[in-house]
Amino acid sequence: MALSELLFAGRSPLLVAFFSVGYLFMFLPAVALAFCLAPRRARRMVLLGASYVFYWLVSGTLIAYLLATTLSAHYFGLWLDRLLRGRDEALKALPRDQRKPLRAQWQRKIRGVVALAVVLHVGVLALVKYSGFFLGNVNALMEAVGLSLRLRIPAYLQPLGISFFTLQALSYILDVCRGTQKADDNLPRLALFIAFFPQIVEGPICRYGDTAARLWDVGPMNLDDVKLGLQRILYGAMKKVVIADRLNRMVGALFKTPDAYGGGFVALAAVCYTVQLYMDFSGSMDAVCGTAQMFGVAMPENFQRPFFARTISEFWQRWHITLGAWLRDYLFYPISTSGPMKALTLKARKRLGNHYGPLLAGAAALFLVWLCNGLWHGAGWNYIFFGMYHFALILSGSLAAPLLRAAGDRLRIDGERLPWRIARTLRTCALVVIGELFFRAETLGAGLHMFGRMVSDFSFSAKTAALRELHFDRYDAVIVLVTLAIVFAVSLVNERGASVRAWLKARPTAVRWALLYALIFYILIFGAYGHDYDAVIPLYANY
Amino acid sequence: MRQSVKSALGCAGFILGLVALLALFSRVALPKGNSAADGMPNVPASGIDAEPPGTIDVIFVGDSECYYTFMPLLLWREQGFTSYVCATPSQTLNQTVRWLRRACKNQSPKLIVLETDALYTGINYGDALLDPVERAFPLLEHHNRWKDLRWRDFWAEPEYRHIVRDKGYVYNDETVAFETAAAAEDDGYVGRLRSAYLRQIGDYCREHGIPLLLVSAPSMVTWSDARLVSASRAAQSLGADYLDLNALSDEIGLDWRNDTFDQGYHLNVSGATKATTYFGQYLSRHYSLPDHRGDKAYKAWNKAAKKALKDAI
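Values in this document were obtained by computation on a predicted structure and should not be read as measured data.

(A) Geometry of the overall build of chain A. For chain A, the count of helices and strands is 20 helices and 0 strands. Against the compact-globule benchmark of 24 Å for 543 residues, chain A has a radius of gyration of 25 Å, which places it among compact chains. In terms of overall dimensions, chain A has a C-alpha envelope of 80 × 65 × 60 Å along the principal axes. Each of the 543 residues in chain A was classed as buried or not, and the buried ones make up 49%. For chain A, the proportion of contacts with a sequence separation of at least 24, taken over those separated by at least 6, is 78%. A total accessible area of about 26000 Å² is found for chain A, and carbon and sulfur atoms account for 65% of it.

Laid out in structure tokens, this is it:
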């Protein structure tokens, strides 16, 4: 037996399922116990140790990528810090009117180091995640032009969470470069920030300035935090185990063999997948935030009731918030406010006016953001299409905004009245569902085919055998709808600025206990687990 | 009262309430009969609960390799001893331990036969932790019965009376020939957890004075030399006998073009008949098993065998 096998390397991939017995009743209690027993200064090391044990159990020797990313971020951060201090000292020694050429020289050095860091980190990610896709397309192109040469496509094992921890490490390096974050010479603190076990596999993508100190200076566990954390985990379990996992087999069957079903079923597949994805991802985020809260650490939120959005732009400010913020801060703003783009905006404003002028530079930056957003999710043309679809929607929304406003004024339509708000919300939901159809489809071609069938053959016809493959009966439909109604009610209360958790905390003990028991048994009775169901790894754990 | 004591009492009270409610809901969720209509899962294996106490001589445990290979009614007709196949789809060794205990609750078998495919079905530590909890609180296993609950589930006691005619054997008469060699690719490694459950099975048999026999049912897909080696080592460590029916395919007279319904993975009824006949002779030669043929107390077996084997062969 290899040493790595002896040490349980990669033996527990199901630990990434936050609602599994292994995570909830073995790993998390063990970490909590070790945390409580540890002296104050050792608690942070307990979290760090637990994070590496978690990653080792889940991904085995691929932990090398995580360690390499951490060391790289640490030393690049120190290098940049040295360069920035060197630059400041050199500039201080010169009179003000002589600083410009020296500043430019130093900036070139700093940009060179940043470029090296970005190329290294993104390069590893690209190699591991995208080389197969890229080389496959090169081979297809060569075949199309009649060349016999074929490139060998390497197969790399993809470390879990690489898309998340790479972006997190890069954000640290870029913040040091911008001067918004001082380089940290405390390697374990940076290591804990990158590897913290609840968020390493699915995010949220944290910022060093917001999270690192909170993690490092973590205090003792207190009962209130543990109770609130567990409540949040329970709520997430309801979303994932009752709704998302219940829809999984039906969605899988509909996307695998869409031709066995009428176009109405295709539409149903898209809707159900969107619901599954939201419940799965937001449910997992509840587990992440709940776990962190148990240790007294606040994680940034990744969802703000996205299906209440009235425009696609607003939707993306409410969905996977930390990824959107990362792309905005490290891609969109640097591109759209760069020298060439500012010059372009100035020229465009003179010709196209104050609304359409800036849109040109914005569109270029937005295009890159959405290309990266699509590709970040996966190596496939359907993901690129997904990104471009949302780019087109957001851009067309911005282009049409003045016309729609004028039309609204002319027709005396008050867009803030409830029927219009509902109509805009439903329209946004429909557009999102169409995008998710392509996102989930096995290939872009399959997605286009499914969309075509949905539009041209909207029926609910299907053979009996095909219907049996859905493993979904009217009882399942009732439970999904009832649970969605519960989630909707809670979301509506939160959208109005109230807090269901604060309300619950203020209730008498008997009421709190009754509601908690109801939630626990709702999950235990109606959860999609056990021998009738397949275990479902969190969907975003694959990215 | 100090806040910490209050909090501890509060937590303890909450957990006690949870346990009480789990017990209550479990009473309701537990199937009140052992038929499919009662919501009992694994109906063929669950028929063991309805067999008259002390009447089963041999208990088979394992997965689909077991329930597609061994025909208790053919063993009865040809050798005269009774048997029951308590095998379930992808049965893991922790489940085998539970089935063994369940089968031996009302039976006193003279032999336990463990089909070895279960040695290679992975178990994770979460499943191992959940095992005793599921046993104590059947709600976790039967929670999906909420779709089929009836009034009697709320007040009746379980009564298992549904007799399964084929005694756990699952009949399949289709033929899909084996085509290419696709033996199991693993190295036959039996992990720590599975080894621990194997030891539990061995200890149980030893404590109750029941001989244990490990057998590998014929399969062109789930078998390999590596598994042969590790299965014989496992049997040795338990002090149990081991029989590899794969090595005896020619003696048994198996024809992999006609004796399988899924390209060599499992035997169909033709293959199962041959394998069972051979195995029955082996058991009669090596173990002191009674012959109940002619015993009026077992006339139900005659009736069942007449009907089932007429349908099967």
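Anyway, onward from the coordinates.
(B) Fine view of the overall build of chain B. Looking only at helices and strands, chain B has 12 helices and 5 strands in total. Relative to the globule expectation of 20 Å for 313 residues, the C-alpha radius of gyration of chain B, 21 Å, shows essentially globular dimensions. Summarising its shape, the C-alpha atoms of chain B cover approximately 80 × 45 × 40 Å along the three principal directions. When each of the 313 residues of chain B is scored for burial, the buried share is 55%. Here chain B has roughly 14500 Å² of accessible surface; of this, 55% comes from carbon and sulfur atoms. Computing the positive centroid from 34 side-chain charges and the negative centroid from 37, chain B places the two 9 Å apart.

(C) View of the pattern of salt bridges. All names here are of chain B. In total, this model carries 39 salt bridges over all chains according to the counting rule given. Across the pair Arg98 and Glu141 runs a salt bridge, and its minimum N-O distance is 3.1 Å. You can see Arg98 sitting in helix α5 (residues 93-106) and its partner Glu141 sitting in helix α7 (residues 139-142), a full 43 residues away along the chain. Take Arg98: its relative accessible area is 17%, and that puts it in the buried class. On the accessibility criterion, Glu141 (24% relative accessible area) is partly exposed. Here Arg161 ties to Glu159 by a salt bridge, and the two come within 3.2 Å at their closest N and O atoms.

(D) Spatial organisation of the interface of chain A and chain B. Every contact between the two is made by 28 residues of chain A and, on the other side, 25 residues of chain B. Buried area between chain A and chain B, both sides added, is near 2400 Å², and the carbon and sulfur share of it is 71%. A per-residue breakdown of the area chain A buries against chain B is headed by Tyr517, Phe521 and Ile525 of chain A, which together make up 24% of the total. The interface formed by chain A and chain B includes 2 salt bridges. Ionic pairing is found between Asp473 of chain A and Lys147 of chain B, a salt bridge with its closest N-O pair at 3.3 Å. In this assembly, chain A and chain B are joined by 8 residue pairs in polar contact (both at pLDDT 80 or more). Listed by contribution, the elements that provide at least two residues to the side of chain A that touches chain B are α2 (21-37), α9 (223-256), α18 (474-495) and α20 (509-526) of chain A. Considering every element that reaches the side of chain A that touches chain B, the biggest residue donor is α20 of chain A, with 8 residues. Within the side of chain A that touches chain B, the residues separate by chemical class into 20 nonpolar, 3 polar and 5 charged.

(E) Up close: the state of the cysteines. Residue and element names in this part refer to chain A. Using the criterion set out here, one finds 0 disulfides over all chains in the structure. Cysteine Cys206 remains unbridged, with the sulfur of Cys289 as its closest cysteine sulfur at 8.6 Å. What makes Cys206 buried here is its relative accessible area of 0%.

(F) Representation of helix α4 (residues 72-79) of chain B. In terms of residue burial, α4 of chain B counts as a mostly covered element, since 6 of its 8 residues are buried. Among all positions of α4 of chain B, only Pro72, Leu73, Leu74, Leu75, Trp76 and Gln79 of chain B are buried.

(G) Quick look at the sheet that holds strand β3 (residues 111-115) of chain B. All names here are of chain B. With parallel pairing, 5 strands are arranged side by side in an open sheet as β2-β1-β3-β4-β5. Each edge of the open sheet is held by one strand with a lone partner, namely β2 (83-87) and β5 (241-244). Put simply, the sheet's adjacent strands are angled 20° from each other on average, direction ignored. The pairing of strand β4 (residues 212-216) with β5 spans 4 bridges and is classified as parallel. Directly across from Val215, in β5, lies its bridge partner Leu243. Sheet strands in contact with helix α11 (residues 269-286) are β1 (58-62), β3, β4 and β5, and its direction is about 155° off that of β4.

(H) Looking closely at the packing of α9 of chain A against α18 of chain A. Residues and elements named next belong to chain A. α18 packs onto α9 with a crossing angle of 145° between their chain directions and a minimal axis gap of 10 Å. For the element pair α9 and α18, the recorded crossing hand is left-handed. Listed contacts from α18 to Tyr235, Met238, Lys239, Val242, Ile243, Arg246 and Leu247 of α9 are Asp476, Ile479, Val480, Thr483, Leu484, Ile486, Val487 and Val490. When grouped by side-chain class, the residues that make up the contact of α9 with α18 number 11 nonpolar, 1 polar and 3 charged.

(I) Summary view of the nonpolar core. Judged by nonpolar contacts, the single largest core of 157 residues is most densely connected at Leu47, Phe54, Leu66 and Phe197 of chain A. Ranked by the residues each element gives to this core, the list is headed by helix α10 (residues 263-294) of chain A, at 18 residues. Ignoring sequence-local partners within four residues, the contact set of Phe54 of chain A consists of Leu15, Val16, Tyr23, Phe27, Phe197, Ile200 and Val201 of chain A. Listed in part, the 52 residues of the second largest apolar core include Leu100, Ile201, Leu214 and Val269 of chain B.

The rules behind these values
Residues numbered from 1 in each chain as written. Chains lettered and ligands numbered in written order. Predicted model: local features only at pLDDT ≥ 70, side-chain atom pairs only at ≥ 80, totals over all residues. Heavy atoms only, no water. Helix = DSSP H or I, 4+ residues; strand = E, 2+ residues; numbered from the N terminus. Rg over C-alpha atoms; globule rule 2.2 N^0.38 Å. Buried < 20%, exposed > 50% of the residue type's maximum accessible area, 1.4 Å probe, protein only. Contact = heavy atoms within 4.5 Å. Areas by Shrake-Rupley, 256 points an atom, 1.4 Å probe, with all protein chains shown as cover. Lys, Arg positive; Asp, Glu negative; His and termini not counted. Charge placed at Lys NZ, Arg CZ, Asp CG, Glu CD. Salt bridge = Lys/Arg side-chain N within 4 Å of Asp/Glu carboxyl O. Buried area = accessible area lost by both parts, 1.4 Å probe. Polar contact = N/O pair within 3.5 Å; in protein donor to acceptor, adjacent residues only side chain to side chain. Nonpolar A, V, L, I, M, F, W, Y, C, P; charged D, E, K, R; others polar. Disulfide = S-S within 2.5 Å. Pairing = 2+ DSSP bridges. Axes fitted to C-alpha atoms, helices over the stretch in contact; angles between N-to-C directions. Left-handed = near helix turned anticlockwise from the far one by under 90°. Core = buried A, V, L, I, M, F, W, Y, C linked by side-chain atoms within 4.5 Å.

Nothing here speaks to function; it is geometry throughout.
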